[in-house]
Amino acid sequence: NAGVTQTPKFQVLKTGQSMTLQCAQDMNHNSMYWYRQDPGMGLRLIYYSASEGTTDKGEVPNGYNVSRLNKREFSLRLESAAPSQTSVYFCASRSTGGARGYTFGSGTRLTVV
Amino acid sequence: QKEVEQDPGPLSVPEGAIVSLNCTYSNSAFQYFMWYRQYSRKGPELLMYTYSSGNKEDGRFTAQVDKSSKYISLFIRDSQPSDSATYLCAMSRPYSGGGADGLTFGKGTHLIIQP
């Protein structure tokens with residue numbers, strides 16, 4: 001049981017380049033989330049998808065787009081990367097068990113130069 | 001004022017000591033309270049979960065919630081070097097279909113247990 005799988009694990013981008021961070025879960029969870037973690041800031045919610053076909057903005061959505069491709073996959077796209085988007089990105093999914101049911105991926109470490 | 005406040009540390013204690021980690025929050029809509037442990041270069045993993053005021057114990061770990069004071073704590077007894085990690089408090093509103101989904105995290109406290 002792989003849980004939540006994120007690819008790639010590391011990425012270096014130049015300012016203005018675009019890229020898509022991939023996330024897939026094999027637990028049949030309805031809800032999926034993208035967070036970013038910066039030093040001294042904790043984890044902040046970027047976007048979430050409560051179910052297949054729906055997405056909503058979180059606390060820090062500017063500069064990002066998301067796609068809920070199917071029930072398993074939820075991708076995060078940076079259209080024009082900026083140095084301020086240098087961060088560690090975590091994908092999570094949640095079971096119907098409410099707040100206790102989150103499972104996090106191992107993260108994507110992104111550097112924008 | 002941020003919704004959740006947590007001292008980022010670092011907090012360094014000798015092996016075997018009792019560790020106390022704390023968070024305060026301002027939003028009374030939070031009803032569910034969690035502590036996550038995060039090792040370096042790993043994702044957060046759920047350590048403790050509670051939804052009511054009072055204490056919840058699991059082995060060496062005790063989670064305490066005081067909703068009247070908007071204050072939560074995590075106590076670690078007989079601390080071990082393997083407990084060295086970042087501890088994040090997290091909170092959420094009820095999942096009733098209205099309002100924003102997701103968890104609100106504190107900044108995390110970096111804990112170091114010295115052998």
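Relevant structure appears above.
Notes on the structure in this doc start here. This one's a predicted model, so the numbers in the text were calculated from it and none came from an experiment. (Residues numbered from 1 in each chain as written. Chains lettered and ligands numbered in written order. Predicted model: local features only at pLDDT ≥ 70, side-chain atom pairs only at ≥ 80, totals over all residues. Heavy atoms only, no water.)

Comments concerning the overall build of chain A
Okay, step 1: Each helix and strand in chain A was counted, giving zero helices and eleven strands.
Okay, step 2: If you list the helices and strands of chain A from N to C, you get β-β-β-β-β-β-β-β-β-β-β.
Okay, step 3: Taken against the 2.2 N^0.38 rule, which gives 13 Å for 113 residues, the C-alpha radius of gyration of chain A at 13 Å falls within 12% of a compact globule.
Okay, step 4: Overall size of chain A, expressed as C-alpha extent along the three principal axes, is 40 × 30 × 25 Å.
Okay, step 5: Across the 113 residues of chain A, 49% fall into the buried class.
Okay, step 6: Considering only residue pairs separated by 6 or more positions, chain A has 55% of its internal contacts joining residues 24 or more positions apart.
Okay, step 7: Counting every atom, chain A has about 5,100 Å² of accessible surface; 48% of that belongs to carbon and sulfur.
Okay, step 8: Computed over 12 positive and 7 negative side-chain charges, the inter-centroid distance for chain A is 4 Å. (Helix = DSSP H or I, 4+ residues; strand = E, 2+ residues; numbered from the N terminus. Rg over C-alpha atoms; globule rule 2.2 N^0.38 Å. Buried < 20%, exposed > 50% of the residue type's maximum accessible area, 1.4 Å probe, protein only. Contact = heavy atoms within 4.5 Å. Areas by Shrake-Rupley, 256 points an atom, 1.4 Å probe, with all protein chains shown as cover. Lys, Arg positive; Asp, Glu negative; His and termini not counted. Charge placed at Lys NZ, Arg CZ, Asp CG, Glu CD.)

Quick notes on the state of the cysteines
Residues and elements named next belong to chain B.
Okay, step 1: Tallied over the full model, the rule gives two disulfides over all chains.
Okay, step 2: A sulfur-sulfur separation of 2.0 Å characterises the disulfide bridge that pairs Cys23 with Cys89. Here the disulfide of Cys23 and Cys89 is left-handed, its torsion about the S-S bond being about -100 degrees. In this pair, Cys23 sits in strand S3 (residues 19-25) while Cys89 sits in strand S9 (residues 85-92), placing the two residues 66 residues apart along the sequence. Residues Cys23 and Cys89 agree in their burial class; the two are buried. (Disulfide = S-S within 2.5 Å.)

Quick notes on the sheet that holds S3 of chain B
Paired through their backbone hydrogen bonds, the strands of a sheet run either parallel or antiparallel.
Okay, step 1: With respect to topology, five strands assemble into an open sheet ordered S1-S3-S8-S7-S6 (chain B), the strand pairing being antiparallel. Only two strands of the sheet have a single neighbouring strand rather than two, namely strand S1 (4-5) and strand S6 (54-58) of chain B. (Pairing = 2+ DSSP bridges.)

Observations concerning the sheet that holds strand S8 (residues 74-78) of chain A
Residues and elements named next belong to chain A.
Okay, step 1: Taken together, four strands build an open sheet; the order of strands is S1-S3-S8-S7 and the sheet is antiparallel. Since the sheet does not close on itself, it has two edges, and those belong to strand S1 (4-7) and strand S7 (65-68), each with one partner. Pairwise comparison of adjacent strand axes, ignoring direction, gives a mean angle of 15 degrees for this sheet.
Okay, step 2: With three bridges connecting them, strand S3 (residues 19-25) and S8 associate as antiparallel partners. Paired with Leu21 across the bridge in S8 is Leu76. (Axes fitted to C-alpha atoms, helices over the stretch in contact; angles between N-to-C directions.)

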